[in-house]
Amino acid sequence: MASAHGRLGQHFLAVLDVALRVPSIFIIDAIFNSYSDPGAGWTGTAGRVLIRALGILVSSVVLVLSQKSLFKFYTLFTAVLLGGATVLVNYYGTSRGAEALLPLRNGPTLWLALALLQLLLGLGYVALLNVQSLCAALVVVDIMAPLCGLMAELPADTRQTLALASGVILAAHAAVNLLLKLKWFYYSCRYVYLLLRHMYRIYGLQLLLEDTWKRIRFPDILRVFWLTRMTAQAVILVYVVRVVRSESGLQLGWDVFWDLFSNLIISGCDSTLTVLGMSAVISSLAHYLGLSILAFIGSTEEEDKRLGFVAPVLFFILALQTGLSGLKPEERLVRLSRNMCLLLTAILHFIHGMTDPVLMSLSASHVSSVRRHVPVLLVSLVLFALPVLLSHLLWHKFELNTWLFAVTAFCVELCLKVLVSLTVYALFMIDGFYNVLWEKLDDYVYYVRSTGNVIEFVFGVIMFGNGAYTMMFESGSKIRACMMCLHAYFNIYLQAKNGWKTFINRRTAVKKINSLPEVKGTQLRDIEDVCAICYQEFATSARITPCHHYFHALCLRKWLYIQDTCPMCHQRVYIEDDGHERVAFSNNNGYAAPAQERAEFEEDRGGAEAGGAVGGAEPENELLEDNDSIEYDEDEWGTQPGAAPVEEDYINNDDDDTDSS
C-alpha cells in the first residue's frame, strides 16, 4: 500500500512538474509570434526587442529549473498574484462599490462575502511567503483595513486614500520579501551554472542536452502545450460558430466541421514550437502503434521500438525542409497533407523492417504453429495493400508532380520489399516442409534478395534525381541540400558498397568451395559421420578441407562468408595445387591413418611429428588477403616436442562451441 501511494505521489509530482513548465512555452511562442510595428522609431523597436529578449531569457530559465526550484518559484509567483488580487479588490471596492465585485445586494451578506474573500487572499499570501505570526497578523489587518472603511461608510476620498496606503504597504512588504529571496535566487542560478559547466566539461554538449531533455520531460511539455493550445482554439472556434449560427441561422454540416478542423490544423503548425508540439503528438501515436504491432506479431526486439523516435524526427525534418510554418494558411494545409503522405510511407517502411526479421525467424526455424505465422503474414499483406490503395487514390485526385512521384516511388519500393520478404519466407517454408537438405536454397535466397536490393538501389538513385530537380526548379533550401547529401551517402553509396562487398565475398567463397575435393558414392558412405555445422548426414556429397574435415558444401560456404578457417580446428581453408588428386579417408572426430597423416604433415609443415594434432601453421597461399580470419599460434593448437597430442574431448568441445556460434 505504501509503495502504491509512493508511486502515485511520484506520478502526481511528474504531472505537476510538466504542467508548471508549459506556461514558459506559451510565453516563448507568444513572443515569437508577436507583431512588430515597422513604423515605430528606433527607441520603440529597441525597447520591444529588449523586452522580448528578457521575456525569452526568463521563460527559458524557468523552463530548465530543477523541480524544487520550480516549485519555489511558482510559490513566490502565486503569492505575488494573491497580493495583487487583494489590492485590486480593495481598489474596485472603494472606488466603485462592493456591488461591482460580487453579484449580491448591498447588505450584511455582501460585506461578509467580501470580507471572507479578502481574508482568504490574505491568508494565502502570508502562508506562501511563510511570514511570521506577528507580521502576518499585521499584513492581514492591512488587507482588511480598506474593507472596514467601506463598511463604516467613510468619505470617498478617505476610502481611496486608505486603499492606496494599504496597497503601498503590501507592495513594500512583497518587495522586501522578494529582495530577501534574491540571495537564494542568485545561489540557485550559480549552482545550476556550475552544474551545467561541470557536465559539459565531463560529458560534452550532447549528453548535457540529452540529460536536460529527459530531466524536464521536454516531449511531454511540447505535447501538453500543443494539445492545450489546440483545445483552447477549438473552444473559441466552436463558440464563434454558435454565435454566427444563432444570428444567421447557419446549419452545421460536414463543410462547417471540415472548415473548423482545417483551421485548427493550420493554426497547429504556424510556428516552430507548434511544429515541435505536433511532432511530440506524432511521436506518442507512433510509439503506441509500434508497440501494438510488435505485440501483435510477437516480436521482442528492443531496436524495433524506435518508431516513436523516427516518425517525429522525420516529420520535423520535412516541416523544416518545406518551410511549413512560414507558408500561407491555404498552402500550409496542402503542404502538411503532402508531408503526412510521405510520413505514412516512411512509417510503413519501418513497420516492414519490424516484420521482416520475424518472418525470417519463423520460416528458418520451421515453427509449425499457424497462430505464430498468421499475424505476421496479415501485417505483410496490409503493408502490400496500403501502398497500392494510397497510390491509387493519389493518382486519381492529383496530377503528376515531384511530390506524387516521390510518394509513388516509395509505395512501389515498399511493395517490392514485401514481395521479396514473402518469397524468401516461402523458400524457407518449402525447405522445412520437405526435410531434405536443399543445397540450392542459399543461392535462391541470395538471388531474390539481390534482386530486391538492386531495385531498391535504383529507386534510391531515382529519388536522388527527383530531389535534385525539386531543389533546382521548385523549392531549394539548405536543409534539402543536406538531406540529399545524407541520402546519397547512406542510401546510394553505402548500399552499393555493401552490395559489392557481399558479391565479392560470395564469389570468393564459391571459388574456395569449388577448389576443395568432393567425396561421393562409396567413399562418402565410408565416412560414417555427420556435418559438424548442421549435424545432418551426407546424402549426396561432401567437401573435404585441407585438414581432412567433412562438411556440406552449402554449410561450409555459409561459414566461409564469416571467416576463412575450419569450423573444427580453425586451420585456414586454402587451395593446394595437388590437393585435388589426394583424398584422405578420415572423419570429423580427427582420426586418420598414421601413414597418410605423416605424409600430410611432412608436406604441409616440413616434417612435424606424426602424433601432433592438426596445427595452425600459416599457409603459403592465402585465399583471403584481409586480416579478419582467426589465426592461432602453434603453442595453442599444435604440440611441442614431447608434449601429448590434443585430446579428442577438446576437439569435441571446440566443435560444440563452433556450432553454438
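In this text, all values refer to a predicted model and were calculated from it rather than measured experimentally. (Residues numbered from 1 in each chain as written. Predicted model: local features only at pLDDT ≥ 70, side-chain atom pairs only at ≥ 80, totals over all residues. Heavy atoms only, no water.)

**Regarding the pattern of salt bridges**
In this structure the tally under the stated criterion is 9 salt bridges. Measuring nitrogen to oxygen at the nearest pair gives 3.5 Å for the salt bridge that ties aspartate 29 to arginine 229. With aspartate 29 in helix H1 (residues 2-33) and arginine 229 in helix H7 (residues 218-248), this residue pair connects regions lying 200 residues apart in the sequence. Across the pair, arginine 229 and aspartate 29 agree in class, each one buried. A salt bridge links arginine 229 to aspartate 270, with the shortest nitrogen-to-oxygen separation between them at 3.2 Å. Here arginine 229 is found in helix H7, whereas its partner aspartate 270 is found in the loop between helix H8 (254-267) and helix H9 (272-297), with 41 residues between them in sequence. Overall, aspartate 270 belongs to the partly exposed group, its relative accessible area being 25%. Salt bridges here are not isolated pairs; linked through shared partners, they connect Asp17, Arg21 and Arg217. (Salt bridge = Lys/Arg side-chain N within 4 Å of Asp/Glu carboxyl O. Helix = DSSP H or I, 4+ residues; strand = E, 2+ residues; numbered from the N terminus. Buried < 20%, exposed > 50% of the residue type's maximum accessible area, 1.4 Å probe, protein only.)

**Details of the side chain of serine 363**
Structurally, the position occupied by serine 363 is in helix H11 (residues 329-364). The exposure class of serine 363 is buried, given its relative accessible area of 0%. Among the polar contacts made by the side chain of serine 363, one reaches the main-chain carbonyl oxygen of leucine 359 at a distance of 3.0 Å. (Polar contact = N/O pair within 3.5 Å; in protein donor to acceptor, adjacent residues only side chain to side chain.)

**What to know about the confidence of the model for the protein**
On average, residues of the protein score 80 in pLDDT, and 82% of them are at 70 or above. Element-level mean pLDDT values for the protein span from 38 in helix H19 (residues 634-637) up to 94 in helix H12 (residues 370-397). Per-residue pLDDT stays below 50 along residues 575-586; that stretch engages in 26 contacts with residues further than four places along the chain or on separate chains. Note on residues 589-661: pLDDT under 50 across the span, and 96 contacts to partners over four residues away in sequence or across chains. (pLDDT = per-residue confidence, 0-100. Contact = heavy atoms within 4.5 Å.)

**Some details on helix H10 (residues 307-322)**
Its 16 residues give H10 an end-to-end C-alpha distance of 22 Å, which sits within 8% of 22 Å, the value for a rise of 1.5 Å per residue. Buried within H10 we find Leu307, Gly308, Ala311, Pro312, Phe315, Leu318, Ala319, Gln321 and Thr322. Glycine 323 lies just past H10 and shows a positive phi near 60 degrees. (Expected span 1.5 Å × (residues − 1).)

**Side note on the sheet that holds strand E1 (residues 518-519)**
With antiparallel pairing, 3 strands are arranged side by side in an open sheet as E1-E2-E3. Each end of this open sheet is capped by a strand with a single partner; those strands are E1 and strand E3 (550-551). Relative to E3, strand E2 (residues 542-544) is paired through 2 bridges, and the arrangement is antiparallel. By the bridge assignment for E3, isoleucine 544 is matched with tyrosine 550. (Pairing = 2+ DSSP bridges.)

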